[in-house]
Amino acid sequence: MPLPEDNHLTVIAETYRLLGDPTRLKVVLTCLEGAIAVGDIATAIGASPSLVSHHLRLLRAARLVRFTRRNKQVFYQVADDHIARMLTDMLAHAMEDHEPGEDDAQD
């Protein structure tokens, strides 16, 4: 597989940098199951609505989440199937049984 162009690598690196923050990761994971209000995200992850809104602005700018407005409420969900699959695959990987000291190196 050829390496992606630098601009695509930058997008990928920025995506992982954003998801490297545990609070932001919780926010995105909360949005996996469908549209959810900011207040409900805040309750689910135990953070203030203003902190959640700050993280959502960053995640939206990176195209990781999208929003819809219903009356005065704003609902967020994962931006697309690519992001949803990436996150569910990452979760599955993290939850796999892994023996301590198991060598993953393949020669």
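Right above here is the structure, for reference.
These remarks concern the structure in this document. (Residues numbered from 1 in each chain as written. Predicted model: local features only at pLDDT ≥ 70, side-chain atom pairs only at ≥ 80, totals over all residues. Heavy atoms only, no water.)

## Overview of the overall build of the protein chain
Right, so step 1: The secondary structure content of the protein chain amounts to five helices and three strands.
Right, so step 2: Once the C-alpha set of the protein chain is aligned to its principal axes, its extents read approximately 55 × 35 × 20 Å.
Right, so step 3: Counting the 107 residues in the protein chain, one finds 28% classified as buried.
Right, so step 4: Within the protein chain, counting contacts between residues at least 6 apart in sequence, those at least 24 apart form 51% of the total.
Right, so step 5: When the accessible surface of the protein chain is totalled, it reaches about 7800 Å², and 53% of it is carbon and sulfur.
Right, so step 6: One finds the centroid of the 11 positive side-chain charges in the protein chain at a distance of 21 Å from the centroid of its 16 negative side-chain charges. (Helix = DSSP H or I, 4+ residues; strand = E, 2+ residues; numbered from the N terminus. Buried < 20%, exposed > 50% of the residue type's maximum accessible area, 1.4 Å probe, protein only. Contact = heavy atoms within 4.5 Å. Areas by Shrake-Rupley, 256 points an atom, 1.4 Å probe, with all protein chains shown as cover. Lys, Arg positive; Asp, Glu negative; His and termini not counted. Charge placed at Lys NZ, Arg CZ, Asp CG, Glu CD.)

## Some points on the pairing of strand 2 (residues 65-70)
Right, so step 1: By the bridge criterion, six bridges tie strand 2 to strand 3 (residues 73-78) in an arrangement that is antiparallel. Paired with V65 across the two strands is V78, which belongs to strand 3.
Right, so step 2: Counting the residues between successive antiparallel strands, the hairpin from strand 2 to strand 3 contains two residues, one of them, N71, with a positive phi of roughly 55°. (Pairing = 2+ DSSP bridges.)

## Some details on the pattern of salt bridges
Right, so step 1: A full pass over the atoms with the stated rule returns one salt bridge.
Right, so step 2: Residue R17 is joined to E14 by a salt bridge in which the shortest nitrogen-to-oxygen separation is 2.7 Å. Residue R17 and its partner E14 are located together in helix 1 (residues 6-19), separated by three residues, close to a single helical turn.
Right, so step 3: Classification of E14 as partly exposed rests on a relative accessible area of 33%. (Salt bridge = Lys/Arg side-chain N within 4 Å of Asp/Glu carboxyl O.)

## With respect to the sheet that holds strand 1 (residues 36-37)
Right, so step 1: Reading across from one edge, 1-3-2 is the order of the three strands in this open sheet, with antiparallel pairing throughout. Each edge of the open sheet is held by one strand with a lone partner, namely strand 1 and strand 2.

Functional significance is not addressed by these values, which are geometric in nature.
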